[in-house]
Structure formats: structure tokens, C-alpha cells
Amino acid sequence: DSKDVPSAGAPDNIPGENTPVVQTHPYRKRRKLTLFLLCISCFCGGNIYSLMAPFMPLEAKRKGLSSIQIGIVFGIFQLGLFISSPLIGNYLSRLGAKFVVVLGLCAGGLPAVLFGLIIYLPSGAPFFAAALILRAADALGGAGVFTACYAIAAVVYPERMSLAFGLIQTSMSFGLMVSPAIGGLLYQIGGFSLPFFVVGGFTILYAVVFQVMLPPIEDVEYERKASVFSLLRSGLVWVTIVCIFNSAIGSMFMAPALSLHLEQFKLPSSIVGLLFVITPTFYGLSAPLWGLICDKT
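Source: prediction; values computed, not measured.

(A) Inspection of the overall build of the chain at higher detail. In terms of helices and strands, the chain carries eleven helices and zero strands. Tracing the chain from N to C terminus, the helices and strands come up as α-α-α-α-α-α-α-α-α-α-α. Taking contacts inside the chain between residues at least 6 apart in sequence as the whole, the part at least 24 apart equals 81%. By element, 72% of the accessible surface of the chain is carried by carbon and sulfur atoms, the whole surface being about 15500 Å².

So this is what it looks like as C-alpha cells:
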């Protein structure tokens, strides 16, 4: 009976009732499909971020960029996430989480495709400016995807939220893991543009798949009494920010410089890409375990 099937966003137990609602098989399948689609979305976001790590520093050097400028091109993505994620979170319930994911995938995929064309720009300032603008646009798309995916997971899996978050983190780290290897291989096959055309095109195509296949999601509608930024008055929030800040530095600080350092060993770009796999591999394998520990303790 359709009346016995809870909505996609409903918790397993109705507050105030002693008898738990028995989930029907179609509802369980919808939840699993939703989580799977969220994981692929975050995989695409991680893919776009780390795609250029094995070869971009070398090409940027040839285009006249300094090591500091190369670091800025890499860092602008994280800065964009830092600035835009709270803004997107503040308006997420008004825009709709599904819409934000689809828009974020398109906003990440299209600049990635365009990034493959900047190799034809003049060296120096034009190349540097175009790289910054497109990476910032990628960051805006990634912020939309990551923020909305976590929000949907919290609604669909309220009783196992940490585990669901851990699986999403694993998917994102898997994208970070395989993308340098894929990027290095595609660069070796077809030059600078091919990796961006392939990964960006796939991301845009997946946005269409996500729009069509995602089950109905009951967006959380509520009257907010304060801005998301009021959270910054909490000491606990600042402790969390500092922890994540330090963790991100530890895992990503060498991305702009490692491939330049390895150039002396005359390694092919596909092998250099594999060296960027180590950190996200262990990150991804451990994330669900930490999520399970959080749910248990």
C-alpha cells in the first residue's frame, strides 16, 4: 500500500510513536539509489579538483608562471570552496538541494572543458588570469555539489548520518585518487586539453543523469531564526574549522610542487599521476570507518 511507504526524506521512526515504521523494500531501494547518486556526484567534484596535478605545473612553467602563481592557481579552488560553501548553505533550503547539485555539476564541468582551451592563450598574465577565473568557477560548482549532497544525505539517512557522510567522503577521495592517474594518462595520450575535455564532459553528462534518476527528495523547509554565519560565534565551530584547516594543509600542500620536483627523474606523466593516489587512497578507505565509529560512540 502506498500509504505505508514513507517519503524519501522521512526518518525511519516517527517522533512520538512507540512503534517503529517498517521500511518497505521500494523505500530501501530509493535510499540506496539516492546515496549512490550522491557519491558519484562527489566523485565528479574530486575528479575535477585533482585532474591537473601531474601536468599543470609543467605546462604553467612553460607559460611563464612562477611557482607562487602555480600555487595560487591550485589554491584558488579551496579558497572558492571556503567562501562560497557557507553562502550556498545559507540559501540551500530556498533553492532546493537537487537543483543545487545539478547546477553545481554543470558549473564545475563547463569551466573544466574551457580550461582545456587556455593552453592556446598567450603566456604570462592572460594564461594566469584565465586559469584563476576558471578554477574559481570550478570551486563554486564544487561547493554547490558538496554542500547539497551532505544536506540530502542528512535527510535521507538521519539515523546513520555519519556513515553516510563517510561514504560520500570516500567517493570524493576516490575522485581525488584516480583523477591524477587518469589525467596523467590522458595528457600523455592527447596533450593538455584532452583530460579536461573528457572529465568536464563526463561531469556535464552526469548532471543530466542525476536530474533524471534521483528519487524525489523532501527538502528540509524550516524558518531559520539566524544566519548560518551566526555559527561562527560558537567556539566548537572554530575548533572544528582549525582541525579541518590543518588536515587540508597536511594533505594538499605539495600538490603544486611535487610534479616539478619529480621532473628530474624523467618519469612519464602517467607514473607521476600515480604518486598523487597515495594520500586520497588512505583517506577514502578510512572515512567510512570513522563515520561508523561516530555513529556508535
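Anyway, onward from the coordinates.
(B) Structural detail: the pattern of salt bridges. If you walk through the whole model with that rule in mind, you get two salt bridges. Between Glu159 and Arg31 there is a salt bridge, with the nearest N and O atoms lying 3.0 Å from each other. With Glu159 in the loop between α5 (125–156) and α6 (161–190) and Arg31 in helix α1 (residues 25–50), the pair connects residues that are 128 residues apart, well separated along the chain. Its relative accessible area of 36% is what places Glu159 among the partly exposed residues. A salt bridge links Arg62 to Glu59, with the shortest nitrogen-to-oxygen separation between them at 3.2 Å. Taken as a pair, Arg62 and Glu59 lie in helix α2 (residues 56–62) at a separation of three residues, close to a single helical turn. With relative accessibility at 57%, the residue Arg62 sits in the exposed group.

(C) Inspection of the UniProt feature "transmembrane region" (unreviewed entry) in the chain at higher detail. Per the UniProt record, "transmembrane region" (unreviewed entry) is annotated on residues 33–56, 68–92, 99–121, 127–156, 163–186, 192–214, 235–258 and 270–293. Along residues 68–92 the backbone is 100% helical and 0% strand, and the end-to-end C-alpha distance reaches 35 Å.

(D) Quick look at α6. A rise of 1.5 Å per residue sets the reference length of α6, with its 30 residues, at 44 Å; its end C-alpha atoms lie 42 Å apart and thus fit the reference within 8%. Gly191 lies just past α6 and shows a positive phi near 90 degrees.

(E) Molecular detail of the state of the cysteines. This model, assessed by the stated rule, comprises zero disulfides. Of all cysteine sulfurs, the one in Cys42 lies closest to Cys39, which takes part in no disulfide; the gap is 7.1 Å. With no disulfide of its own, Cys149 has Cys42 as its nearest cysteine by sulfur position, at a separation of 3.9 Å. According to the relative accessible area criterion, Cys149 is buried, its value standing at 0%.

(F) Region of interest: the packing of aromatic side chains. Under the counting rule described, the total for this entry stands at ten aromatic pairs. Consider the rings of Phe115 and Phe196, whose centres lie 4.9 Å apart with planes at 40 degrees: the pair is tilted. One end of the pair, Phe115, is in helix α4 (residues 97–115); the other, Phe196, is in helix α7 (residues 193–213), with 81 residues separating them in the sequence. Its relative accessible area of 1% is what places Phe115 among the buried residues. Classification of Phe196 as buried rests on a relative accessible area of 4%. Feature note: the residues Phe55, Phe115, Tyr187, Phe192 and Phe196 constitute an aromatic cluster, connected by ring pairs. In this structure, Arg31 is placed above the aromatic ring of Tyr157, and the distance from its NZ or CZ to the ring centre is 4.2 Å.

(G) Inspection of the confidence of the model for the chain at higher detail. Of all residues in the chain, 86% attain a pLDDT of 70 or more, and the chain-wide mean is 82. Within the chain, no element has a lower average pLDDT than helix α10 (residues 269–275), which sits at 73, and none a higher one than α7, at 94. Counting contacts from residues 1–23, a segment whose pLDDT is below 50, to residues more than four positions away or on other chains yields 29 contacts.

(H) Structural view of the environment of Phe43. Here Phe43 lies in helix α1. The buried category is assigned to Phe43, whose relative accessible area is 16%. Separated by 160 residues in sequence, Phe43 and Thr203 place their C-alpha atoms 9.6 Å apart. If we skip the residues at most four places from it in the chain, Phe43 touches Ser171, Met172, Phe174, Gly175 and Val178.

(I) Here's a closer look at a nonpolar patch on the surface. Side chains of Leu79, Phe82, Ile83, Leu87, Phe229, Leu232, Trp238 and Ile241 sit close together on the surface and give an oily, nonpolar patch of about 760 Å² of accessible area. Broken down by secondary-structure element, the contributors of at least two residues to the nonpolar patch are α3 (67–95) and α8 (235–252). Residue contributions to the nonpolar patch peak at four residues, all from α3. With respect to the helices and strands, the residue Ile83 is situated in helix α3.

Reading the values: the criteria
- Residues numbered from 1 in each chain as written.
- Predicted model: local features only at pLDDT ≥ 70, side-chain atom pairs only at ≥ 80, totals over all residues.
- Heavy atoms only, no water.
- Helix = DSSP H or I, 4+ residues; strand = E, 2+ residues; numbered from the N terminus.
- Contact = heavy atoms within 4.5 Å.
- Areas by Shrake-Rupley, 256 points an atom, 1.4 Å probe, with all protein chains shown as cover.
- Salt bridge = Lys/Arg side-chain N within 4 Å of Asp/Glu carboxyl O.
- Buried < 20%, exposed > 50% of the residue type's maximum accessible area, 1.4 Å probe, protein only.
- UniProt positions renumbered as here; feature names shortened; annotations may be inferred.
- Expected span 1.5 Å × (residues − 1).
- Disulfide = S-S within 2.5 Å.
- Phe/Tyr/Trp six-rings, centres within 6.5 Å; stacked < 30°, edge-to-face > 60°.
- Lys NZ or Arg CZ within 6 Å of the ring centre and 35° of its normal.
- pLDDT = per-residue confidence, 0-100.
- Patch = residues over 30% accessible without salt bridge, like charges linked within 9 Å, V, L, I, M, F, W, Y side chains within 5 Å.

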